[in-house]
Amino acid sequence: KAGVTQTPRYLIKTRGQQVTLSCSPISGHRSVSWYQQTPGQGLQFLFEYFSETQRNKGNFPGRFSGRQFSNSRSEMNVSTLELGDSALYLCASSFQSPGGQETQYFGPGTRLLVL
Amino acid sequence: DAKTTQPTSMDCAEGRAANLPCNHSTISGNEYVYWYRQIHSQGPQYIIHGLKNNETNEMASLIITEDRKSSTLILPHATLRDTAVYYCIVRGGSNDYKLSFGAGTTVTVRA
């Protein structure tokens, strides 16, 4: 099976712009989670989508939003970019095993640099 | 998530087994032990997980003590490509939806 793919891999934007990142989950996975990773804050949860619905949300401002399509592909959008938004944005897909455990598999990430 | 404690760093010789310890003394009965690793600037890679029995897959083995308060990840034949930060985390059931990584163990495999 192909792994989680994310596009683009690298992105440079300027303050005030907006950006859209894309994630294609592993085939058959219906849950997609987004994370922001920075050296200072580590891995921080943004939100999770399941069957096109946002199921869980982290503590990020409303500038960060996402959506999921019927084929489970997901996008996240960051509006009015700030310098502090520079980070590695990770997408992870998962499925629920019969025992209830969901193992998350990460994509390679999108490295965003805001100038 | 229950807290985990890992050594900050460790070195390993190429071709030798790497044994990575993790303490999780406050683990609950329904919580699993997961291991991920992250090679510099890449996405984290799932390695293995277990509840109470020892587990093995093509990447590694996971040994969980009988009281479940600690575990060891074993990379049987370390290669230079195994150099990475390894994260041990504890997760509950389906309601435990997000991952949280601690500082992890930086493993350096030397030729």
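Summarised in this report is the structure supplied together with it. In this text the structure is predicted, and so the values were computed from the model without any measurement. Residue indices follow the written sequence of each chain, beginning from 1 at its first position. Numbering of ligands from 1 and lettering of chains from A proceed in the order in which they are written. Residue-level local features of this predicted model are given only where pLDDT is at least 70; pairs of side-chain atoms are given and counted only at 80 or more, and the full residue set underlies all totals for whole chains, interfaces and linings. As a convention, hydrogens and water are excluded, and side-chain values are obtained from all of the structure's heavy atoms.

**Some words on the packing of aromatic side chains**
Point 1. Any Phe, Tyr or Trp ring, taking Trp's six-membered ring, that has another such ring centre within 6.5 Å forms a pair; planes under 30 degrees apart are called stacked, those over 60 apart edge-to-face, and the others tilted. One pass over the structure, following the stated rule, counts 12 aromatic pairs over all chains.
Point 2. A ring pair is formed by A:Tyr105 and B:Tyr46, whose centres lie 5.3 Å apart and whose planes are at 65°; its orientation type is edge-to-face. Here B:Tyr46 lies in strand β4 (residues 45-50) and A:Tyr105 lies in strand β10 (residues 102-106), a pairing that spans two chains.
Point 3. Only protein chains enter the calculation, and the probe is 1.4 Å; a residue is then buried if its accessible area is under 20% of its type maximum, exposed if over 50%, and partly exposed in between. Using a relative accessible area of 27% as the deciding quantity, one classes A:Tyr105 as partly exposed.
Point 4. An aromatic cluster is present here, built from A:Tyr35, A:Phe45, A:Tyr105, A:Phe106, B:Tyr34, B:Tyr36, B:Tyr46, B:Tyr87 and B:Phe101 joined pairwise through their rings.
Point 5. We call a charge positioned over a ring when the NZ of a Lys or the CZ of an Arg lies within 6 Å of the ring centre and within 35 degrees of the ring normal. Above the ring of A:Phe50, the side-chain terminus of A:Arg55 is found at 4.4 Å from the ring centroid.
Point 6. It is B:Arg91 that lies over the ring of B:Tyr34; its NZ or CZ is 5.4 Å from the centre. Helix and strand definitions follow DSSP, with helices as H or I runs of at least four residues and strands as E runs of at least two, each counted in order from the N terminus.

**What to know about the state of the cysteines**
Point 1. Defined by distance alone, a disulfide is two cysteine sulfur atoms within 2.5 Å. Under the definition given, this model contains two disulfides over all chains.
Point 2. One disulfide bridge connects A:Cys23 with A:Cys91, the sulfur atoms lying 1.8 Å from each other. Judged by the torsion about the S-S bond (-55°), the A:Cys23/A:Cys91 disulfide is left-handed. Note that A:Cys23 is positioned in strand β3 (residues 19-24) and A:Cys91 in strand β9 (residues 87-96), a separation of 68 residues in sequence.
Point 3. Note on A:Cys23: relative accessible area 0%, which makes it buried.
Point 4. Residue B:Cys22 pairs covalently with B:Cys88 via a disulfide, S to S 2.1 Å. Between B:Cys22 and B:Cys88, the S-S torsion sits near -80°, and that sign places the bridge as left-handed. You can see B:Cys22 sitting in strand β2 (residues 18-23) and its partner B:Cys88 sitting in strand β8 (residues 84-91), a full 66 residues away along the chain.
Point 5. For B:Cys22, a relative accessible area of 1% translates into the label buried.
Point 6. Free cysteine: B:Cys12, not disulfide-bonded; nearest cysteine sulfur from B:Cys22 at 18 Å.

So yeah, pure geometry; function would need other evidence.
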